[in-house]
Amino acid sequence: MSQVFEPYSLAGTTLANRIVMAPMTRSRAEAESRTPTELTALYYGQRASAGLIVTEGTQPSATGQGYPATPGIHTDGQVAAWRRVTEEVHAKGGVIFLQLMHTGRIGHPSLTGLTPVAPSAVKAAGQVFTGEGPQDFVEPRALTGEEIEETIADFAGAARRAIEAGFDGVEIHGANGYLVHQFLAPGSNLRTDAWGGGPEGRIRFAVEVAKAVAGAIGPERVGFRISPGNPFNDIAETDPADLEATYTALVGALAPLGLAYLHQMEAPGVRDLLLRLRKQWPGTFVLNPFTDGAPTGPESLKLVEDGTADLLAFGALFLANPDLPARLRAGGPFNTPDVASFYGGDAHGYTDYPALDA
């Protein structure tokens with residue numbers, strides 16, 4: 001498995017290895033200011049041996065927040081707080097991208113005082129956790145054409161702020177049922193204007209966000225995450241022909257932009273499509289593989305060796321093992337993730353997982 005642990009050039013940035021810390025929501029930002037804390041800096045600094053860290057989803061605007069205590073990147077205070085994080089990671093030799101995540105219809109007015117927005121006024125089934133406990137999703141307000149353009153500008157502005165905060169780049173979250181994914185999916189995008197309809201219209205928002213962000217900070221600093229066929233957050237992409245047409249068109253439109261990477265979170269049953277998209281993509285391909293309810297583990301390293309992916313993203317296992325690359329190289333042992341402390345709380349289950357040399 002030596003190739004996994006060798007340096008890798010990502011759009012001109014040298015990574016120490018091909019292991020990526022996947023973006024994971026932790027809900028530990030300051031509740032009022034939505035700023036990361038000193039614990040956040042410690043948390044990411046502990047994991048700086050990753051070839052690449054992609055942070056938790058971070059809202060590009062106030063209306064983009066969908067969960068309690070998630071951080072933003074749309075105020076000067078948030079930029080200053082994130083700078084402490086990037087300085088900590090860079091001091092330890094790491095590379096860190098900020099994930100830009102607008103949750104769209106996934107949210108609740110009690111979190112922000114605002115009605116969630118979406119491509120269409122289609123309510124998601126299910127509930128969201130709020131300060132008052134779990135509450136049903138509400139019907140979102142459909143974005144106007146002008147508001148779509150403003151939202152694209154929010155992404156670009158957030159990307160500029162991320163670079164100001166010291167990040168090496170950003171990842172656009174186009175997966176997991178959030179706003180960009182809502183535009184891509186036919187069940188949540190019922191528009192009949194230029195932002196909807198068939199695959200070419202439904203990919204337009206994703207492509208325009210990518211172009212705007214790349215134009216703001218340079219394409220070599222931009223990654224893009226997708227999850228074709230992922231039903232999370234009540235996304236319905238059940239027609240195989242439409243799914244393939246949509247994502248083939250999306251990847252085809254993103255490919256000429258020269259982005260740093262394409263990051264796929266694999267849903268069940270889409271490996272054949274994944275391989276076609278991987279072949280279609282001209283640059284670095286990052287994979288968070290489907291592992292059927294278990295954390296991505298050392299058995300997935302072969303996906304780099306056989307060329308399925310260039311970089312391999314680890315989620316829960318990286319959460320519980322701050323020195324994951326060293327543990328993977330050694331073959332373990334691995335700390336067990338504490339699911340009860342994934343979202344919210346203090347240092348427990350956040351910064352207190354031991355390293356091998358502890």
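Residues numbered from 1 in each chain as written. Predicted model: local features only at pLDDT ≥ 70, side-chain atom pairs only at ≥ 80, totals over all residues. Heavy atoms only, no water.

1. Observations concerning the layout of surface pockets
- Here the largest pocket is characterised by a volume of approximately 1,200 Å³.
- Around the largest pocket, the lining comprises 45 residues; the ones closest to its centre are Met 24, Asn 176, Phe 232, Met 265 and Tyr 343.
- For the lining of the largest pocket, the secondary structure elements donating two or more residues are β4 (52–58), β7 (127–130) and α11 (316–320).
- Here the lining of the largest pocket takes three residues from β7, the largest share from any one element.
- In terms of residue class, the lining of the largest pocket is made up of 26 nonpolar, 14 polar and five charged.
- Counted as a void, the second largest pocket has a volume near 250 Å³.
- What lines the second largest pocket is a set of 16 residues, among which Glu 237, Pro 240, Leu 243, Gly 269 and Val 270 lie closest to the centre.
- Elements represented by at least two residues in the lining of the second largest pocket include exactly α8 (240–254) and α9 (271–280). (1 Å grid on protein atoms, 1.4 Å probe; cavity = no way out; pocket = protein on both sides within 12 Å on 5 of 7 lines; lining within 4 Å. Points joined across faces, edges and corners; volume = space filled by probe spheres on them. Helix = DSSP H or I, 4+ residues; strand = E, 2+ residues; numbered from the N terminus. Nonpolar A, V, L, I, M, F, W, Y, C, P; charged D, E, K, R; others polar.)

2. Quick word on the packing of α8 against α9
- Direction vectors running N to C along α8 and α9 enclose 20 degrees, while the axes themselves pass 10 Å from each other. The angle between the axes of α8 and α9 places the two elements in the roughly parallel class. Note on packing geometry: the crossing formed by α8 with α9 is right-handed. Side by side, α8 and α9 meet where Leu 243, Glu 244, Tyr 247, Thr 248, Val 251 and Gly 252 of the first sit next to Leu 273, Arg 276, Leu 277 and Gln 280 of the second. (Axes fitted to C-alpha atoms, helices over the stretch in contact; angles between N-to-C directions. Parallel < 35°, antiparallel > 145°, perpendicular 65-115°, else oblique. Left-handed = near helix turned anticlockwise from the far one by under 90°. Contact = heavy atoms within 4.5 Å.)

3. What to know about the nonpolar core
- Tyr 44, Val 170, Phe 205, Val 213, Phe 224, Leu 250 and Phe 314 are the most contacted members of the largest nonpolar core, which has 79 residues in total.
- When residues of this core are assigned to their parent elements, the largest contribution, eight residues, is made by helix α7 (residues 204–217).
- Sequence-distant contacts of Phe 224, defined by excluding residues within four places in its chain, comprise Glu 171, Ile 172, Gly 174, Val 180, Ala 206, Ala 210, Leu 250, Leu 254, Leu 259, Tyr 261, Leu 262 and His 263.
- The next biggest cluster of nonpolar side chains, apart from the first, holds 14 residues, and it includes Leu 10, Val 95, Val 286 and Leu 311. (Core = buried A, V, L, I, M, F, W, Y, C linked by side-chain atoms within 4.5 Å. Buried < 20%, exposed > 50% of the residue type's maximum accessible area, 1.4 Å probe, protein only.)

4. Considering helix α4 (residues 145–164)
- Between the first and last C-alpha of α4 there are 29 Å, a value that for 20 residues agrees with the 28 Å anticipated at 1.5 Å per step.
- Backbone geometry just after α4 places Gly 166 at a positive phi near 100 degrees. (Expected span 1.5 Å × (residues − 1).)

5. What about the sheet that holds β4?
- With parallel pairing, the eight strands of this closed barrel are ordered in space as β3-β4-β5-β10-β11-β12-β13-β14. Averaged over all neighbouring strand pairs, the angle between strand axes comes to 25 degrees, with direction disregarded.
- In terms of strand pairing, strand β13 (residues 284–288) meets strand β14 (residues 311–314) through two bridges, oriented parallel. Its bridge partner lying in β14, Val 286 is registered against Leu 311.
- Sheet strands touched by α4: β5 (96–100) and β10 (169–174). Its angle to β5, the strand with the most contacts, is close to 155 degrees.
- Packed on one face of the sheet, α9 meets β11 (222–226), β12 (261–265) and β13 and runs near 160 degrees to β13. (Pairing = 2+ DSSP bridges.)

6. Comments concerning the pattern of salt bridges
- Scanning all chains against the criterion turns up 11 salt bridges.
- As a salt-bridge pair, Lys 211 and Glu 208 come within 3.9 Å of each other at their nearest N and O atoms. Residue Lys 211 and its partner Glu 208 are both found in helix α7; the two are separated by three residues, about one turn of the helix.
- Under the relative-accessibility criterion, Lys 211 is labelled partly exposed at 42%. (Salt bridge = Lys/Arg side-chain N within 4 Å of Asp/Glu carboxyl O.)

7. A few points about empty space enclosed by the protein
- Inspection of every chain in the model, using the stated rule, returns two cavities of 30 Å³ or more.
- When its volume is computed, the largest cavity comes out at roughly 50 Å³.
- Lining the largest cavity are Thr 63, Gln 65, Thr 103, Gly 104, Ile 106, Gly 107, His 108, Pro 109, Thr 112, Leu 114, Thr 115 and Pro 116.
- In the lining of the largest cavity, the residues fall into four nonpolar, eight polar and no charged.
- In this model, the second largest cavity occupies a volume close to 40 Å³.
- Considering each element in turn, the lining of the second largest cavity owes the most residues, four residues, to α8.
- Classifying every residue of the lining of the second largest cavity gives four nonpolar, two polar and four charged.

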